[in-house]
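# Breakdown of the fold
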Amino acid sequence: MTDMTDRPTLAPSQTPGLVCAHHHLYSALARGMPAPPRTPSKFLDILELVWWRLDRALDADTIYWSAKLGALEALERGCTAIIDHHESPHAIEGSLSLIEQACAEVGVRVSCAYGVTDRHGAEGAQRGLAENDRFLREGGHGMVGVHAAFTCTDDTLAAAAELAARHGVGVHIHVAEGADDVGAADRIRHLTTPEWMIIHGVHLADDHGLQGTIVHNPRSNMNNAVGYARPTRFSNPVGLGTDGIGADMLDEFRVAYVRLREHDVTETPDTVWAMLQTNHELFPETLDDRVTWSYEPIDPWRLAFTTGVNPTKIEIHGETMWQDGHPTRVDADEIRAKAAEAAGRLFTKIENL
Ligand SMILES: [Zn+2]
């Protein structure tokens, strides 16, 4: 992989399009959602009381508007490709196409996956597998999603791996994010391939033996108090994701750097910049995208300590998608207004669950 700062066609103020290697676009409408019935005191509580209430309330309309708002917010930050992981147990069929459509309308690239789980019974797992299969069969850009080993049976994990192999893609799965999933590695080791995406890996052993790219999500991990993944200990490629907290990859880079530095004061911003380069390997088309920034030169040591660096122009597929503070294909104010209306409907549904 060529160092992005060395690419001859890049001006000192330019990068390729940034990639968010792990996102949940469905969380874009979650901000301001009704408070949980009690204060979560551990990671599993956060899943049960916040995210698993939100995903049960999603319908086609809120899936579409959350994806559209999330895609707009990615574009605004120079992120031209999103690797998304979606769950909406009461609106599974067609959900990945809604996300794909919303991103295409904004002009942002997306890879979709439906997070299969046995949390809603074997039939729910089957419907999740079927949605991944339908989307990939119809030519969608994506992977096979799995929520996490601790919410799946061994049969479901094997079926997801088999489906991914049949489509020539990897599995996109949360692994050992919290201590509740510490047994995941032993259950999926024989299934993994280099195409898999292993998300979080906080509680993996150093010699976990899993194949695939590990995606580090430092802000989310701190927010959920699951621990520090110490990503430099892995021999796997390591990418960088936001786990649904926006798609501002320069900001995530800064957070990842200070968290790494807190762990090891001899570390450098180059270590984290390399994760953004791994992200390009997951979405190579972004190397042809161009982001011109409000700061130069683009250099990890400078960017680690420079906040508020903004895109001034973004080209995707050779088309200008962002210029003079505005998206070129869509009306940002209209998306924000429609998304706010959709969020109101979503919050009412959550309260009535
Ligand atoms: Zn996640």
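Predicted model only: the values in this text are computed from it and were never measured.

Reading the values: the criteria
Residues numbered from 1 in each chain as written. Predicted model: local features only at pLDDT ≥ 70, side-chain atom pairs only at ≥ 80, totals over all residues. Heavy atoms only, no water. Donors = N, O, S within 2.8 Å, 3.2 Å for Na, K, Ca; no water. Tetrahedral: all angles 85-135°; square planar, octahedral: opposite > 155°, others 65-115°. Helix = DSSP H or I, 4+ residues; strand = E, 2+ residues; numbered from the N terminus. Buried < 20%, exposed > 50% of the residue type's maximum accessible area, 1.4 Å probe, protein only. Phe/Tyr/Trp six-rings, centres within 6.5 Å; stacked < 30°, edge-to-face > 60°. Lys NZ or Arg CZ within 6 Å of the ring centre and 35° of its normal. Salt bridge = Lys/Arg side-chain N within 4 Å of Asp/Glu carboxyl O. Pairing = 2+ DSSP bridges. Axes fitted to C-alpha atoms, helices over the stretch in contact; angles between N-to-C directions. Parallel < 35°, antiparallel > 145°, perpendicular 65-115°, else oblique. Contact = heavy atoms within 4.5 Å. Nonpolar A, V, L, I, M, F, W, Y, C, P; charged D, E, K, R; others polar.

## Some thoughts on the coordination of the zinc ion
The protein atoms that coordinate the zinc ion are His22 (NE2), His24 (NE2), His174 (NE2) and Asp243 (OD), at distances spanning 1.9 to 2.2 Å. Considering all four donor atoms around the zinc ion, the spread of angles at the metal, 95 to 158 degrees, places the coordination shape in the irregular class. For the zinc ion, the donor residues sit on a single chain with the sequence spacing H-x1-H-x149-H-x68-D. Remark: aspartate 243 occurs in the loop between strand 9 (238-240) and helix 8 (249-263) and histidine 22 occurs in strand 2 (residues 18-23); sequence separation between them is 221 residues. The buried category is assigned to aspartate 243, whose relative accessible area is 12%.

## Things to note about the packing of aromatic side chains
What the rule picks out here adds up to three aromatic pairs. Ring centres of phenylalanine 253 and tryptophan 273 lie 5.0 Å apart, and the angle between their planes is 80 degrees; this geometry places the pair in the edge-to-face category. Note that phenylalanine 253 is positioned in helix 8 and tryptophan 273 in helix 9 (residues 269-282), a separation of 20 residues in sequence. Given the relative accessible area of 0%, phenylalanine 253 is considered buried. The buried category is assigned to tryptophan 273, whose relative accessible area is 2%. Between the NZ or CZ atom of arginine 119 and the centre of the ring of tryptophan 52, over which it lies, the distance is 4.0 Å. Sitting above the plane of the tyrosine 228 ring, arginine 259 keeps its charged end 4.0 Å from the centroid.

## Digging into the pattern of salt bridges
Enumeration over the complete set of coordinates arrives at 25 salt bridges. Sharing partners across several salt bridges, the network here consists of Arg219, Asp251, Glu252 and Arg254.

## Some words on the sheet that holds strand 4 (residues 109-111)
Reading across from one edge, 2-3-4 is the order of the three strands in this open sheet, with parallel pairing throughout. The outermost strands of the open sheet, each flanked by one partner alone, are strand 2 and strand 4. On average, each strand axis in the sheet is tilted by 20 degrees relative to the strand beside it, whichever way the strands run. Across four bridges, strand 2 lies against strand 3 (residues 79-84) in parallel orientation. Across the sheet, the residue bridging to histidine 23 is aspartate 84, located in strand 3.

## A few points about the packing of helix 4 (residues 121-137) against helix 5 (residues 154-167)
The geometry of a pair of packed helices is captured by two quantities: the angle between their axes and the separation between those axes. Orientation of helix 4 relative to helix 5, taken along the N-to-C sense of each, is 5 degrees, at an axis distance of 11 Å. By the criterion of interaxial angle, the relationship of helix 4 to helix 5 is roughly parallel. Taking contact as the criterion, the partners of Ala125, Leu129, Asn132, Asp133, Leu136 and Arg137 in helix 4 are, on helix 5, Thr156, Ala159, Ala160, Leu163, Arg166 and His167. Residue composition of the contact of helix 4 with helix 5, by class: six nonpolar, three polar and three charged.

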